[in-house]
Amino acid sequence: MSGPWSKIFERTRAGARNALELVRFGQLGEKYGASYDVVHTGPHHKLRRYAKGDSCALLVPPLMVTAEVYDIAPDVSAAHLLSTRGISPFVVDFGAPEHEEGGMKRTLDDHIRAVSACIDVARELTGKDVHLCGYSQGGMFAYQTAALRRGDGIASIVTFGSPVDLHRGLPAIRRDVTGALVELLEPSLSAFAAQIEGLPSVLTSTAFKIVSGRKEIKQRIDFVRSLHDRSALVRRESRRRFLGGEGFVAWPGPALRSFLDDFIVHNRMLSGGFVIDGRTVTLADIDKPILAFLGTTDEFARPPTVRAITTAAPASDVSLVTVRAGHFGLVVGSRAMAHTWPTVADWILWRDNRGPRPEALDAPEDEQPVETALLTDAATRSARAAWSRLGDFAQAASDALDGVRYQEPRLRRLADMTPETRTSPALELAERAAETPDATFFLWQGRAFSYRDADTRVDNVVRGLWSCGVRPGDRVLVVMGSRPSFLTMTTALGRLGAVSVIAPPDSAPDALAAAASRERITNVASDPHHAQRCHAALARDVLVLGQGARDFGRGIVDMEAIDPAAVTLPFDFAPNPGCARDLAVIFLRPSGSGELRAAPVTNHRYALSALGAAAACTIKPSDTVYCCIPLHHPTALMASVGSALASGARLALAERFEPARFDSEVRRTGTTLVFYAGDMLRPLLHEPTMKSRSSIRIFAGSGMRADLARKLEERFGVSTIEFYASTSHRAILANVDMKKPGALGRVLPGSDPLTIVRLDDRKTTAAAGEVGILGVMKPREEPSLTNDVVYRDDEGVYWFVDALSGFVAGASTRQIEDVLYDALDVDIAAAYAVDGEVWVAYVGNVDAARVAETLADRVQPRVILRLDAIPLTEGFRALKPGLPRSMQDTRIIDSKRR
């Protein structure tokens, strides 16, 4: 046989021979693998070292792909290329969990711990900081490890197709669509993940092939075409086997569940607040240079999801490089070897001062061909309307679902509550601990604590209190700073059936002693910092709980030294006995005279604030509530802590409000809702560390002025829900729809009916729009009047005007202050009475003459003072009793008299 038929016959015979060898032996030629040394072995990993060099790169694979992704074949080996450039490549090998004992029980924390350990080993062996490189989820591990370590031992971070904003993974025209869809799918995702051991390797391999379908088909066609060419087949054999299944491993169930919950549902790579080894972590803590590669045709990590690292890590110098490749082609293949890995080598040498800046960093992003762009534009225009309709539907469905899942049950609980209903914060905690014991409850100073942790701690403190003689019905004075021990103590007292009488820790000794006597205090509880002061002021033993110096003298009982296991509670002890009608806490509130006035709160009133705030803000278990108001303030304990507990959300505690640290704390904890008091948030308007966008979706609290609500929304894009919740009346209002910034809103379910009576005739109801005194209606009784002056507009929305005591010479001091805030943007303003006349004090870069001119149409203050500081109350309002009453005060830096 000769001619073309001979060639066809030879090709066919060679192809058949090669195919038969593949069938018999499963491969062509010897299996490839560059030599390496295993220099470290951990419980879930090994560390490979391929070569020695003057720079150090640590390569991290994703969970579902083997370490061979960095060394598939000689011509596509990242490890080999880096070593030829004088770089020592280390590769983390997570192995195949499905073939290792306990492998399918690995968590995400296990993998991040492994990466962190490998950094330490590579650094020790080379004496160099590590360039941490990760592909796909391996890049996510790199980001997370760098954030956990705060950059320690890391020279730079390099990622390849590593998503940060996973909600951008869908090709959404509208940004809110993905979030709404994820919220709808969240129960199904969680149920699915809870029922499986993990994802088997065959599933991860198949998923990769489906997403990369076009390339998969092309490779199969190329394989058939080259079946006769043994040398070509051998060159591509390692790649064929890798993509055919050998390169994929199983994804352990616990790691999968954490990934779905933290990064798919809650998107914490972007928002922050994910927990590793009990510590809260945010990518905002990364300050090392970042090089992120993105593929133009990457279907696993679309370019917008990768670019989000610039938002998530604002302190880092981020460089983005685009490669005309898909997800796999970013690290393996001809484009990767020609573009990706040479750029990585150049980057490492440049960062180590061993080479020039990589040219790829200055290249513009690849542009689509004109015909492709036109086709894309046409497709986008065609899809926009349909996708927008889908977004409307998804958002509406999500909102409706939120109402059914979160708002309606809470409001129904309030409506169904009777005086005999068992309810208390202690009972709420016990129920949460029984339902979701391992879920995170609160975050404190970078640590995370579960509901089980908190509930167990409360039980132990109950035993300690019992051993110290505290019994049901006792009134215990609590004088503590804003720390977890405060919440533990007050909750334990409630579980015991005692009553917490809560005083500000900076209360004057004589005021504290007078209040303790008046309220019939049986015991005193404090923290180490305030213990000696309480003992001196009250001349009685003090029970001390919490961390701190323990050099106590006589009269101080260290509760941390009590062994709860050695305390036996009586057999008939009933925990959490509180009913709605029972007294829950008594707040001791400072008055203008310095006296501490009692504000008793029942369990029903507590539930009204907690459940009402949770419903009004639609707080979900996925939310993180940030509380930086002093815990002895009613808004902090009842609305902020109470709403988080009632909704199963995470509670991020701060000891105090610090504007300079606020942004970093919000990002570290992944805060979505911030509770405020008064004008607390005003300094954020001028705080340079605040970024324009964060994870916050709502500000909520009481006492915010309308101008501040508007300015916060303009700067941060965050709306405000203002509450009105009286401690002495069952009255609660909320500006739930947030359409009128600064308004008190409408009456919430569970509140008593409200009315407004005229100022000049307190038996006559005020007309719509007329200013009057807020009253609470009681059946068959005259309205019980508050001390607050309000009005109701034509739409039934309530607005706060001032307290009755705020009117001086016929003028509202609050409205005077509002003018200064709104027109002059002063830092702090305070109008107050001196001998029956209006004085005005303020802090800001405005001279007193201009203030007088601005106020001329409203009031003529007797004195206007520009001060260098104005003290604030615990509710972040001007402390007017501490303001100057004399022109001789040395703090005055500018003044004007009438």
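Refer to the structure printed above.
Read on for a plain summary of the structure. Residues take numbers from 1 onward in each chain, read along the sequence in its written order. With pLDDT at 70 or above as the cut-off, local features in this predicted model cover only qualifying residues; side-chain atom pairs require 80 or more to be listed or tallied, and sums for whole chains, interfaces and linings still use all residues. Water and hydrogen atoms play no part in the side-chain values, which are based on all heavy atoms of the structure.

**Here's the deal with the sheet that holds strand 35 (residues 828-834)**
The pairing criterion for strands is at least two bridges between them, as found by DSSP. Numbering of helices and strands runs from the N terminus; a helix is a DSSP stretch of H or I covering at least four residues, while a strand is a stretch of E covering at least two. The 4 strands are arranged 35-36-37-38 in an open sheet whose pairing can be described as mixed. Edge positions in the sheet fall to strand 35 and strand 38 (892-897), since each of these pairs with one other strand and no more. Ignoring which end each strand starts from, the neighbouring axes of this sheet average 20 degrees apart. Of the pairings in the sheet, the one linking strand 36 (residues 837-843) to strand 37 (residues 863-867) comprises 4 bridges and is parallel in character. Residue pairing for strand 37: Val-840 is matched across the bridge by Ile-864. Contact between two residues is taken to exist if any of their heavy atoms lie within 4.5 Å; hydrogens are not considered. The convention used is that axes are lines fitted to C-alpha atoms, helices contributing only their stretch in contact, and that angles between N-to-C directions extend from 0 to 180 degrees. Against the sheet, helix 24 (residues 813-824) makes contact with strand 35 and strand 36, and its axis sits at roughly 150 degrees relative to strand 35, the strand it touches most. The strands that helix 25 (residues 848-855) touches are strand 36, strand 37 and strand 38; relative to strand 38, the one it contacts most, it runs at about 40 degrees.

**What to know about the packing of helix 24 against helix 25**
For the pair helix 24 and helix 25, interaxial distance at closest approach is 10 Å and the crossing angle is 115 degrees. Taken together, the axes of helix 24 and helix 25 lie roughly perpendicular to each other. Taken as a pair, helix 24 and helix 25 cross one another with a handedness that is right-handed. When helix 24 is examined against helix 25, the residues Ile-816, Val-819, Leu-820, Ala-823 and Leu-824 are found in contact with a partner set consisting of Arg-850, Val-851, Thr-854 and Leu-855. Charged residues are taken to be Asp, Glu, Lys and Arg, nonpolar residues to be Ala, Val, Leu, Ile, Met, Phe, Trp, Tyr, Cys and Pro, and polar residues to be all remaining types, Gly included. Split into classes, the residues belonging to the contact of helix 24 with helix 25 amount to 7 nonpolar, 1 polar and 1 charged. An angle below 35 degrees is treated as roughly parallel, one above 145 as roughly antiparallel, one from 65 to 115 as roughly perpendicular, and anything else as oblique. Each crossing is labelled by how the near helix is turned from the far one, with a counterclockwise turn of less than a right angle marking it left-handed and a clockwise turn marking it right-handed.

**Considering the pattern of salt bridges**
Salt bridge, as used here: a side-chain nitrogen of Lys or Arg that lies within 4 Å of a carboxyl oxygen of Asp or Glu. With the rule as written, the count across this model stands at 53 salt bridges. Arg-432 is the salt-bridge partner of Glu-428, the closest N and O atoms lying 3.7 Å from each other. Taken as a pair, Glu-428 and Arg-432 lie in helix 15 (residues 425-435) at a separation of 4 residues, close to a single helical turn. With a shortest N-O distance of 3.1 Å, Asp-663 and Arg-667 are connected by a salt bridge. With Asp-663 and Arg-667 both in helix 22 (residues 659-669) and 4 residues apart, the pair spans about one turn of that helix. Take Arg-667: its relative accessible area is 8%, and that puts it in the buried class. The cut-offs for exposure are 20% and 50% of the maximum accessible area for each residue type, with area from a 1.4 Å probe on protein chains only; residues under the lower value are buried, those over the upper are exposed, and the others partly exposed.

**Observations regarding the packing of aromatic side chains**
The criterion for an aromatic pair is that two Phe, Tyr or Trp rings (for Trp, the six-membered ring) have centres within 6.5 Å, with stacked assigned to planes under 30 degrees apart, edge-to-face to planes over 60 apart and tilted to the rest. For the structure on display, the rule yields 15 aromatic pairs. Where Phe-160 meets Phe-293, the ring centres are 5.3 Å apart and the plane angle is 20 degrees; that geometry is what we call stacked. Here the residue Phe-160 occupies a position in strand 6 (residues 154-160), and Phe-293 occupies one in strand 11 (residues 290-295), the gap between them amounting to 133 residues. Measuring from centroid to centroid gives 4.8 Å for Phe-441 and Tyr-451, while their planes differ by 20 degrees, and the two rings are stacked. With Phe-441 in strand 13 (residues 440-444) and Tyr-451 in helix 16 (residues 451-467), this residue pair connects regions lying 10 residues apart in the sequence. With respect to class, Phe-441 is no different from Tyr-451; both count as buried. One aromatic cluster is present, formed by Tyr-70, Phe-160, Phe-293 and Trp-341 through successive ring pairs. Distance and angle both matter: a charge sits over a ring if NZ of Lys or CZ of Arg is within 6 Å of the ring centre and within 35 degrees of the ring normal. Geometry around Trp-466 places Arg-471 over its ring, the cationic atom sitting 3.8 Å from the centre. Cation over ring: Arg-682 sits above Tyr-821, and NZ or CZ is 3.7 Å from the ring centre.

**Brief notes about helix 18 (residues 509-518)**
Side chains that are three or four residues apart share a direction in an α-helix, a result of its 3.6 residues per turn. Turning to helix 18, its buried residues are Ala-511, Leu-512, Ala-515 and Ala-516. The arc enclosing the buried residues of helix 18, seen along the axis, measures out at 135 degrees, which places them on a common side. Structural note: helix 18 exposes Asp-510 and Ser-517 on the side pointing more than 90 degrees away from its buried face. Next to the buried residues of helix 18 lie strand 15 (475-479), helix 19 (531-538), strand 20 (583-590) and strand 21 (596-602). Arg-520 occupies a position one or two residues after helix 18 and carries a positive phi of about 55 degrees. The arc under discussion is defined with respect to the helix axis, by the directions toward the C-beta atoms.

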